[in-house]
Amino acid sequence: MATYHCRSAFISDVHLGTPDCKAAYLLDFLRRLRCERLYLVGDIVDLEALAQRQWWHPDHSAVLAEVLDLARRGVEVTYIPGNHDAALRGLAGQAFGGVRIALDAVHEGADGRRYRVSHGDEFDPEHTGRRWMLWLGEAMHRFACWGNRRVHAVRQRMELPYLPLSIIMKSRIGKAMAYIHAYAQRVADAAREGGYDGHICGHIHYGQVRSLDGVLYLNDGDWVEHCTALVEDHTGAMELIHWSEQPTPLGRASRELVLPSPAAALALAPLARRRRDLSELRPAA
Ligand SMILES: [Mn+2]
């Protein structure tokens, strides 16, 4: 089994305990992962869904076992609860099987950049509509996930690779994109005010690597629709990867690409152009 090496890995929005969770892909990722730090950036176990309907799959236990195994092997594991596992926030400061629970964290990159890490639900617009709008949104999301699951089952039978439908869907819907842009802006503004080089979060199920006026907005995505992780290599470069049959890079931010020196900019120009082609699925920065 080929291993995947990085300095740090960030995953969130796994939603264990719901049938939408792509646990098999996540299990594959965790089994290959060789890193120093693993951040679980919230909504890992969907306690909210479990309170309504008890559903579990052996793969979901295997995911938790794999996380504990990584901690046992010396990986520094930090679990930052989100809004779907908010009950765990009461356990902040404790550690279980080597997994440290915290409300948020500050991650120092290999290049010295400092990031605040949090789930990101604190950046939800305060008065986002009424309850019925939230309910409608959730119902539509569940329907999209159900559609995604059906399509995935058919494609799997045809031996086609996993197709992240909603990356494609969401990028076509202007309103959703406007929401995502506004959210990213709020996150980046808070990071700037806090004196950080960037913010790492999840929550909105839309992985993205963006520089907003010099501050990095790094969203690690989810394992419900997209199977994405944010990884930091040993130089401090941050990359969003899509994990399925074939790990695919979606976007990258290294010190050189974000703050180019004139010489480096010249040398990296062809590379940057290629990267831009790769990130075409993503909205333009
Ligand atoms: Mn969330």
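Structural data are supplied above this passage.
Residues numbered from 1 in each chain as written. Predicted model: local features only at pLDDT ≥ 70, side-chain atom pairs only at ≥ 80, totals over all residues. Heavy atoms only, no water.

Draft legend 1. How the structure looks around the packing of aromatic side chains. In total, this model carries 7 aromatic pairs according to the counting rule given. Ring centres 5.0 Å apart and planes at 70° place the aromatic pair F29 and W243 in the edge-to-face group. Of the two residues, F29 is situated in helix α1 (residues 23-32) and W243 in the loop between β14 (238-242) and β15 (248-253); the sequence distance between them amounts to 214 residues. The exposure class assigned to F29 is buried, which follows from its relative accessible area of 0%. An aromatic cluster of three or more residues is present, and its members are Y4, F29, W223 and W243. (Phe/Tyr/Trp six-rings, centres within 6.5 Å; stacked < 30°, edge-to-face > 60°. Helix = DSSP H or I, 4+ residues; strand = E, 2+ residues; numbered from the N terminus. Buried < 20%, exposed > 50% of the residue type's maximum accessible area, 1.4 Å probe, protein only.)

Draft legend 2. Layout of the coordination of the manganese ion. Summarising the metal site, the manganese ion is bound by the protein donors D43 (OD), N83 (OD1), H119 (NE2) and H203 (ND1), whose distances to it range over 2.1 to 2.3 Å. Sequence positions of the residues that donate to the manganese ion give the spacing D-x39-N-x35-H-x83-H. Of this pair, D43 sits in the loop between β4 (37-40) and α2 (47-52) while H203 sits in the loop between β10 (198-201) and β11 (208-212), and the two are 160 residues apart along the sequence. Overall, H203 belongs to the buried group, its relative accessible area being 13%. (Donors = N, O, S within 2.8 Å, 3.2 Å for Na, K, Ca; no water.)

Draft legend 3. Molecular detail of the sheet that holds strand β12 (residues 215-219). If you trace the 5 strands from one edge of the open sheet to the other, you get β8-β9-β10-β12-β11, paired in mixed fashion. Unpaired on one side and paired on the other, β8 (105-108) and β11 mark the two borders of the sheet. Across this sheet, the average inter-strand angle for adjacent strands is 20°, counted without regard to direction. Relative to β10, strand β9 (residues 114-117) runs parallel, the two sharing 3 bridges. Across the sheet, residue V117 finds its bridge partner in β10, namely I200. (Pairing = 2+ DSSP bridges. Axes fitted to C-alpha atoms, helices over the stretch in contact; angles between N-to-C directions.)

Draft legend 4. Region of interest: the side chain of E239. Of note, E239 is situated in strand β14. Apart from the residues lying within four places of it in its own chain, the contact partners of E239 are A229, L230, V231, P249, G251 and R252. (Contact = heavy atoms within 4.5 Å.)

Draft legend 5. Main features of the sheet that holds strand β7 (residues 99-101). Reading across the sheet, the 8 strands line up as β6-β7-β5-β4-β2-β13-β14-β15 and stay open at both edges, with mixed pairing between neighbours. Strand pairing shows two members of the sheet lacking a second neighbour, β6 (95-96) and β15, which therefore form its edges. In the sheet, strand β2 (residues 8-11) pairs with β4 via 4 bridges, with the strands oriented parallel. Its bridge partner being in β4, A9 is matched across the sheet by L38. Lying over the sheet, α1 contacts β2, β4, β13 (228-232) and β14, oriented at roughly 165° with respect to β2.

Draft legend 6. Region of the structure containing the pattern of salt bridges. One pass over the structure, following the stated rule, counts 14 salt bridges. Between D104 and R116 there is a salt bridge, with the nearest N and O atoms lying 3.0 Å from each other. Separated by 12 residues along the polypeptide, D104 in the loop between β7 and β8 and R116 in strand β9 bring together distant segments of the chain. E239 is the partner of R252 in a salt bridge, and the nearest nitrogen-oxygen pair spans 3.6 Å. Separated by 13 residues along the polypeptide, R252 in strand β15 and E239 in strand β14 bring together distant segments of the chain. Taken together, the shared-partner salt bridges connect D69, R72 and R73 into one network. (Salt bridge = Lys/Arg side-chain N within 4 Å of Asp/Glu carboxyl O.)

Draft legend 7. Representation of the pairing of β12 within the structure. The buried fraction of β12 amounts to 5 of the 5 residues, a majority that puts the element mostly inside the structure. Bridge count for β10 against β12 is 4 bridges, and the pairing is parallel. Bridge pairing in β12 places C201 opposite N219. Sheet topology note: the β11/β12 ladder contains 5 bridges and is antiparallel. Bridge assignment links L212 to a residue of β12, and that residue is V215. Between β11 and the antiparallel strand that follows it, β12, lie 2 residues; D213 among them carries a positive phi value of about 50°.

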